[in-house]
Amino acid sequence: MKKVFLTLFAAAVSVAAIAQTDVWVWKDGVAMKTTQADSITFAEPSFTDLYHDGSEAGYNYVDLGLTSGTRWATMNVGASKTQDYGNYYAWGETTTKETYHWSTYKYGTYDYDDYYNYSKLTKYNLSDSKTTLDLSDDAAKANWGGKWRIPTKDQFDELMSQCYWVWTGNYNSSSVSGYIVYKAKNSSDKGKNIYSSGAPSSSYSLSDAHIFLPAAGVRGDGGLSHAGSYGFYWSSSLDADGPNFAWRVVFYSGVVYNLYDHRYDGQSVRAVCPAE
């Protein structure tokens, strides 16, 4: 029986290799490229989403009709379908890790007792005058390749002001909470943020152009927190006045805003690519 099982397993792997499927390795609920895995899932290269307009380097995007022409990915970096939380990254880091804290941060540390001293930050500090992530430090570029990037603060501002936002506690019957961000159908809908108790316009449905931003929470030195109620998404923009901080988008039911946060926190990444 053991021999039969091994034969069947080898055959399955051979079929997968012939079909050129992607291999996603998951450890502790996080997608990783490692042989030290808890489980392995074989998935088709075209990931699962309800709507997309095209693809870049094998990952789908939606054209939300934004002034800049920016295309937004249909899922988080590290996810295999729209409602997945995906991976969590510290700002400027391109791989996941177990602990998110200043003591494990790639580019130095920060002393809370010496508030205005940023000399222990080895990159993106007052000395190098860098205010946007280099491509080598961009988790979207590093993991997806092609023209994918982490959005800037300005690109998030555009998404917030030009789209129609609807909070849901059950995206596509998945029981996952977050914001559905629709391409606005008219100018009066742009920038609208619909509360969970409000009634979104009946003219919008999941068959329309949209992305979904799961409320994936945040990973800090205490592990994952706020999953299912809050979303935290990094931008590629540093807070130039306090370089221990970088800008992110924060949301929960009825509220979406830009706010800076300590660079070491593990937060979600939603990639963007430019218009073709």
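Residues numbered from 1 in each chain as written. Predicted model: local features only at pLDDT ≥ 70, side-chain atom pairs only at ≥ 80, totals over all residues. Heavy atoms only, no water.

Draft legend 1. View of the overall build of the protein. If you tally the helices and strands in the protein, you get three helices and 16 strands. Per-residue burial for the protein yields a buried fraction of 49% across its 276 residues. On the protein, roughly 13000 Å² of surface is accessible, and the fraction owed to carbon and sulfur atoms is 52%. (Helix = DSSP H or I, 4+ residues; strand = E, 2+ residues; numbered from the N terminus. Buried < 20%, exposed > 50% of the residue type's maximum accessible area, 1.4 Å probe, protein only. Areas by Shrake-Rupley, 256 points an atom, 1.4 Å probe, with all protein chains shown as cover.)

Draft legend 2. Main features of the sheet that holds strand β6 (residues 71–73). Pairing within the open sheet is antiparallel, and its four strands lie in the order β4-β5-β6-β16. Two strands close off the open sheet at either side, each with one partner strand: β4 (54–56) and β16 (272–273). Judged from the two bridges that link them, β6 and β16 form a sheet pairing that is antiparallel. By the bridge assignment, W72 is partnered in β16 with V272. (Pairing = 2+ DSSP bridges.)

Draft legend 3. How the structure looks around the nonpolar core. One finds W91, W144 and W148 to be the most contacted residues of the largest nonpolar core, which totals 32 residues. Those elements that place two or more of their residues in this core are β5 (59–63), α2 (139–144) and β13 (231–238). Sort the elements by how many residues they give to this core and α2 lands first, with three residues. Once residues lying within four places of it in the same chain are set aside, the contact partners of W148 are E56, A57, Y59, N60, Y61, R71, A73, A140, K141, A271, V272 and C273. Ranked by size, the runner-up nonpolar core spans 21 residues in total, among them W165, Y179, V256 and V272. (Core = buried A, V, L, I, M, F, W, Y, C linked by side-chain atoms within 4.5 Å. Contact = heavy atoms within 4.5 Å.)

Draft legend 4. A look at the pattern of salt bridges. Taken as a whole, this structure holds 11 salt bridges when the rule is applied. The shortest N-O distance in the salt bridge between D134 and K123 comes to 3.0 Å. One end of the pair, D134, is in the loop between β6 and α2; the other, K123, is in the loop between β6 and α2, and 11 residues separate them in sequence. For D134, a relative accessible area of 24% corresponds to the partly exposed category. A relative accessible area of 15% places K123 in the buried class. Linked through salt bridges whose partners overlap, the residues forming this network are K106, K123, K130, D134 and D137. (Salt bridge = Lys/Arg side-chain N within 4 Å of Asp/Glu carboxyl O.)

Draft legend 5. Representation of empty space enclosed by the protein within the structure. By the definition in use, this model includes one cavity of 30 Å³ or more. Of the voids in this model, the largest cavity is the one considered here, and its volume is about 40 Å³. Along the walls of the largest cavity sit D49, L50, Y51, T74, T82, Y171, H210, I211 and F212, which together make up its complete lining. (1 Å grid on protein atoms, 1.4 Å probe; cavity = no way out; pocket = protein on both sides within 12 Å on 5 of 7 lines; lining within 4 Å. Points joined across faces, edges and corners; volume = space filled by probe spheres on them.)

Draft legend 6. Spotlight on the environment of Y100. With respect to the helices and strands, the residue Y100 is situated in the loop between β6 and α2. Counting along the chain gives 124 residues from Y100 to L224, while the straight-line C-alpha distance between them is 10.0 Å. If sequence neighbours within four positions are ignored, Y100 has contacts with Y88, Y89, A90, R219, G220, D221, Y264, D265 and G266. In terms of polar contacts, Y100 uses its side chain to reach the backbone amide nitrogen of K97, at 3.2 Å. (Polar contact = N/O pair within 3.5 Å; in protein donor to acceptor, adjacent residues only side chain to side chain.)

Draft legend 7. Here's a closer look at the side chain of N60. Note on placement: N60 falls in strand β5. There is a polar contact of 2.9 Å between the side chain of N60 and the side chain of D49. A distance of 3.4 Å separates a polar atom in the side chain of N60 from a polar atom in the side chain of H52.

Draft legend 8. Region of the structure containing the sheet that holds β13. Strands sit in the order β13-β14-β15 across an open sheet of three strands; the sheet is antiparallel. Edge positions in the open sheet fall to β13 and β15 (255–262), since each of these has one partner strand only. Pairs of neighbouring strands in the sheet enclose a mean axial angle of 30 degrees, with direction left out of account. Strand direction decides the pairing type here: β13 and strand β14 (residues 245–252), joined by five bridges, are antiparallel. (Axes fitted to C-alpha atoms, helices over the stretch in contact; angles between N-to-C directions.)

Draft legend 9. The arrangement of unusual backbone geometry in detail. Notably, A57 is not glycine yet its phi reads approximately 55 degrees, a positive angle. Relative to the elements of secondary structure, A57 occurs in the loop between β4 and β5. Despite not being glycine, S175 shows a phi value in the positive range, around 65 degrees. Along the chain, S175 falls in the loop between β7 (163–168) and β8 (178–183).

Draft legend 10. Structural view of the packing of aromatic side chains. Throughout the structure, instances matching the rule amount to 24 aromatic pairs. Between F245 and Y260, the aromatic rings sit 4.8 Å apart at their centres with planes inclined by 45 degrees, giving tilted as the arrangement. In this pair, F245 sits in strand β14 while Y260 sits in strand β15, placing the two residues 15 residues apart along the sequence. Judged by its relative accessible area of 11%, F245 is buried. Among the aromatic side chains, those forming a connected cluster through ring pairs are W91, W102, Y105, Y107, Y110, Y112, Y118, Y124 and Y264. Across from the ring centre of W247, 4.9 Å away, lies the NZ or CZ of K153, which sits over that ring. Lying across the ring of Y204, K185 places its NZ or CZ 5.1 Å from the centre. (Phe/Tyr/Trp six-rings, centres within 6.5 Å; stacked < 30°, edge-to-face > 60°. Lys NZ or Arg CZ within 6 Å of the ring centre and 35° of its normal.)

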